[in-house]
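One-letter residues, chain by chain:
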Amino acid sequence: MSLSHGRSYLAIPGPSVLPDRVLNAMHVPSPNIYEGALVEMLPGLVADLKAVARTNGNLAIYIGNGHAAWEAALANVLARGDKVLVLVNGIFGLGWATIAERLGAVVEIIDFGRAEAPDPDRLAERLRQDTGGEIRAVLAVHVDTSTSIRADIAGLRAAMDATGHGALFMVDAIASLGCDRMEMDAWGVDVLVAASQKGLMCPPGLGLVFFGAKAAAARARATCATAYWDWVPRAAPEHFYQYFGGTAPVHGLLGLREALDMIAEEGGISAVWARHEKLARAVWAACSAWGAGGELRMIVADPAARSHAVTALALPAPEATRLREWCTAKAGVTLGIGLGLAPPDDPAWHGYFRIGHMGHVNAHMVLGVLGTIEAGMLALGIVHGAGGLAAAARIIAEA
Ligand SMILES: *Cc1c(COP(=O)(O)O)cnc(C)c1O
């Protein structure tokens, strides 16, 4: 018997749940792009996005997904042949490295594995060896969505500062912006990359590149910056069309305006971070209880290195796939597939899955996902420790 009829829930780590308010805000005829409300809305929208990223720097917006923002960010600071150092602990770090390579950069990777956050000491050690200052940029992923590892961005910056190395610090916050605490200016991030479809509760289609003064200065030697990807007119437009290098993504902007209003109504970005932290703790409490004496395991053992936006999990293959399929078919909850922890053609691939808890999520949604997982494990005979739901409920009750 299927109990899936009712409102379904896509609990994957992006695209995330679209609030009805965001959907409704977009359900309007096309507005004029030459004058009127849309044109007047942009300066406020840009200011509110900067507040979410905690920066007084610049913002260029691209019609594109996270990959577009990755490329845009690099194109505006690199010359062909420049060396970049990429800190990797999941497939998204590798993906950004590939974009850099295809742009003509010389890419060096430090791989920190798939269970632990990047070690600031190893970064410092590598930078100290670079006495000629060849490394132009250090690339880090704040939350690698494939492993759910959260990097200590402030700690990595401190390690860079301790060496006196002059490289730019570029951070992918595509999964984390609007979920995990991010203090772009206070943490010394030179370039921050984000996108609309995760913590910002919107459809995919808007790529965000925030950049500070040092990165803006690097633009002068960036031979990779072609006309369309150039961030200068987008960040400081003289005419409205320059914000987007052409027609504005009008409905995406209307949705984003509504999402930013929702963040403000909740009490601002720090209230949103606090909600994500609490809900993540509920997820971890359930997973810890299930894992004690059971087969479920969180990929990231250290709570300080776990994202508040997504949790990656392992079960003996093929139980993760069986569990995902059960949750969708029987309960209307879709969990995320495992990414990058085993090759897709390897039977081990069926031993990983992820819970997305980013953006428009609240206590009953998270408890619903957890209750569904527990029911699925019971139905499928997956051995798990007792008390997972009760442990999650206790975290929620303490809120
Ligand atoms: C989703 C994601 C990306 C890629 O974004 P797309 O919109 O799919 O191009 C990159 N980095 C991280 C950390 C992500 O979570």
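Caption draft 1: Focus on the overall build of the protein. Within the protein, the secondary structure is distributed over 13 helices and 14 strands. Scaling as 2.2 N^0.38, a compact globule of 399 residues should have a C-alpha radius of gyration of about 21 Å, and the protein matches this with 21 Å. C-alpha extents for the protein along the principal axes are approximately 60 × 55 × 40 Å. Put simply, the protein has 399 residues, and 56% of those count as buried. Summarising the internal contacts of the protein: among those between residues at least 6 apart in sequence, 73% fall at separations of at least 24. A total of about 15,600 Å² of accessible surface is found on the protein, and carbon and sulfur atoms cover 55% of it.

Caption draft 2: Up close: helix H3 (residues 66-75). Summarising burial for H3: 8 of the 10 residues are buried, a large majority. Within H3, the full set of buried residues consists of Gly 66, Ala 68, Ala 69, Trp 70, Ala 72, Ala 73, Leu 74 and Ala 75. Capping the start of H3, Asn 65 holds a side-chain oxygen 3.1 Å from the backbone nitrogen of His 67, two or three residues further along.

Caption draft 3: Quick peek at the site of the ligand. Of all residues adjacent to the ligand, which total 13 residues, the nearest are His 67, Thr 145, Asp 172, Gln 197 and Lys 198. One of the side-chain nitrogen or oxygen atoms of Gln 197 is found 2.6 Å away from an oxygen atom of the ligand. In this structure, an oxygen atom belonging to the ligand sits 2.6 Å away from a side-chain N or O atom of Lys 198. Out of a free accessible area of 380 Å², the ligand has 89% covered by protein chains.

Caption draft 4: Focus on the pairing of strand S3 (residues 83-88). Along S3, 6 of the 6 residues are buried, which leaves the element largely enclosed by surrounding structure. Neither face of S3 is open: one carries Lys 83, Leu 85 and Leu 87, the other Val 84, Val 86 and Val 88, and all of them are buried. Direction of pairing for S3 relative to strand S4 (residues 106-111): parallel, over a ladder of 6 bridges. Within the sheet, the bridge partner assigned to Val 86 lies in S4 and is Ile 109. Handedness of the β-α-β unit built from S3, helix H4 (residues 91-102) and S4 comes out right-handed. Both S3 and strand S5 (residues 135-141) contribute to a ladder of 4 bridges, which runs parallel. Directly across from Val 86, in S5, lies its bridge partner Leu 139.

Caption draft 5: Spatial organisation of the sheet that holds strand S9 (residues 191-195). On the basis of which strands lie adjacent, the open sheet formed by 7 strands has the order S2-S10-S9-S8-S5-S3-S4 and mixed pairing. Both edges of this open sheet fall to strand S2 (58-63) and S4, since each of them pairs with a single strand only. In this sheet, adjacent strand axes meet at a mean angle of 20° when their direction is disregarded. When strand S8 (residues 168-172) meets S9, the two strands line up parallel, connected through 3 bridges. Within S9, the position partnered with Val 171 by the bridge is Leu 192. Sheet contacts for H3: S2, S5, S8, S9 and strand S10 (206-211); angle to S9, the most-contacted strand, approximately 160°. Helix-sheet contacts for helix H6 (residues 153-163) involve S3, S5 and S8, and the interaxial angle to S8 is about 165°.

Caption draft 6: Structural detail: a negative patch on the surface. A cluster of acidic residues, Glu 116, Asp 119, Asp 121, Glu 125 and Asp 302, forms a negative patch at the surface. Along the chain, Glu 125 turns up in helix H5 (residues 120-129).

Caption draft 7: Spotlight on the packing of H5 against H6. Where H5 meets H6, the closest approach of the two axes is 9 Å, and the angle between their N-to-C directions is 30°. In terms of orientation, H5 lies roughly parallel with respect to H6. In this structure, H5 meets H6 at a crossing whose hand is right-handed. Note on element contacts: H6 touches H5 through Gly 155, Leu 156, Ala 159, Met 160, Ala 162 and Thr 163, opposite Pro 120, Leu 123, Ala 124, Leu 127 and Arg 128. The residue inventory of the contact of H5 with H6, partitioned by class, reads 8 nonpolar, 2 polar and 1 charged.

Caption draft 8: The packing of aromatic side chains, seen in detail. According to the stated counting rule, one finds 6 aromatic pairs in the structure shown. Where Trp 70 meets Trp 96, the ring centres are 6.4 Å apart and the plane angle is 15°; that geometry is what we call stacked. Of this pair, Trp 70 sits in helix H3 while Trp 96 sits in helix H4; the two residues are 26 residues apart in sequence, bridging distant segments of the chain. Among the aromatic side chains, those forming a connected cluster through ring pairs are Tyr 62, Tyr 228 and Trp 229. Seen from the ring of Phe 112, Arg 122 lies directly overhead, with NZ or CZ sitting 4.9 Å from the centre.

Parameters at a glance
- All residue numbers refer to positions counted from 1 along the written sequence of the respective chain.
- For a predicted model such as this one, the threshold for reporting local features is a pLDDT of at least 70, and the threshold for listing and counting side-chain atom pairs is 80 or more; totals across whole chains, interfaces and linings nevertheless cover every residue.
- For side-chain calculations, the full set of non-hydrogen atoms in the structure is used, while hydrogens and water are omitted.
- The way it works is that DSSP assigns letters per residue, a run of H or I at least four long becomes a helix, a run of E at least two long becomes a strand, and they are numbered from the N terminus.
- Only C-alpha atoms enter the radius of gyration; for comparison, a globular chain is expected to reach 2.2 Å times N to the power 0.38, where N is the number of residues.
- Only protein chains enter the area calculation, which uses a 1.4 Å probe; residues under 20% of their type maximum are buried, those over 50% are exposed, and those in between are partly exposed.
- We call two residues in contact whenever any of their non-hydrogen atoms come within 4.5 Å of each other.
- We get accessible surface area from the Shrake-Rupley algorithm with a probe of 1.4 Å; when it comes to residues, only the shown protein chains can shield them.
- Any pair of N or O atoms that falls within 3.5 Å is considered a polar contact. Within protein, one atom must be able to donate a hydrogen and the other to accept it, and sequence-neighbouring residues count only if both atoms are side-chain atoms.
- Near residues are defined by distance, with any heavy atom within 4 Å of the molecule or strand qualifying the residue.
- What makes two strands pair is DSSP finding at least two bridges between them.
- Handedness is read with the strands pointing away from the viewer; a crossover is right-handed when the path from the first strand over the helix to the second is clockwise.
- Whenever a helix is involved, its axis is fitted only over the stretch in contact; in every case the axis is a line through C-alpha atoms, and angles between N-to-C directions fall within 0 to 180 degrees.
- The patches described consist of residues with a relative accessible area above 30% and no salt bridge, like charges being joined within 9 Å and nonpolar side chains (Val, Leu, Ile, Met, Phe, Trp, Tyr) within 5 Å.
- Counted as salt bridges are all cases of a side-chain nitrogen of Lys or Arg within 4 Å of a carboxyl oxygen of Asp or Glu.
- For the charge count, each Lys or Arg is scored as positive and each Asp or Glu as negative, with His and the chain ends excluded.
- Charge positions come from single atoms, namely NZ of Lys, CZ of Arg, CG of Asp or CD of Glu.
- If an angle is under 35 degrees, it is roughly parallel; if it is over 145, roughly antiparallel; if it lies from 65 to 115, roughly perpendicular; otherwise it is oblique.
- For any pair of crossing helices, the crossing counts as left-handed if the nearer helix is rotated counterclockwise from the farther one by less than a right angle, and right-handed if it is rotated clockwise.
- Gly falls in the polar group here, along with every residue not listed as nonpolar (Ala, Val, Leu, Ile, Met, Phe, Trp, Tyr, Cys, Pro) or charged (Asp, Glu, Lys, Arg).
- Planes of paired rings set the category: under 30 degrees apart is stacked, over 60 is edge-to-face and the rest tilted, where pairs are Phe, Tyr or Trp rings (Trp by its six-membered ring) whose centres lie within 6.5 Å.
- To sit over a ring, a charge needs its Lys NZ or Arg CZ within 6 Å of the ring centre and within 35 degrees of the ring normal.

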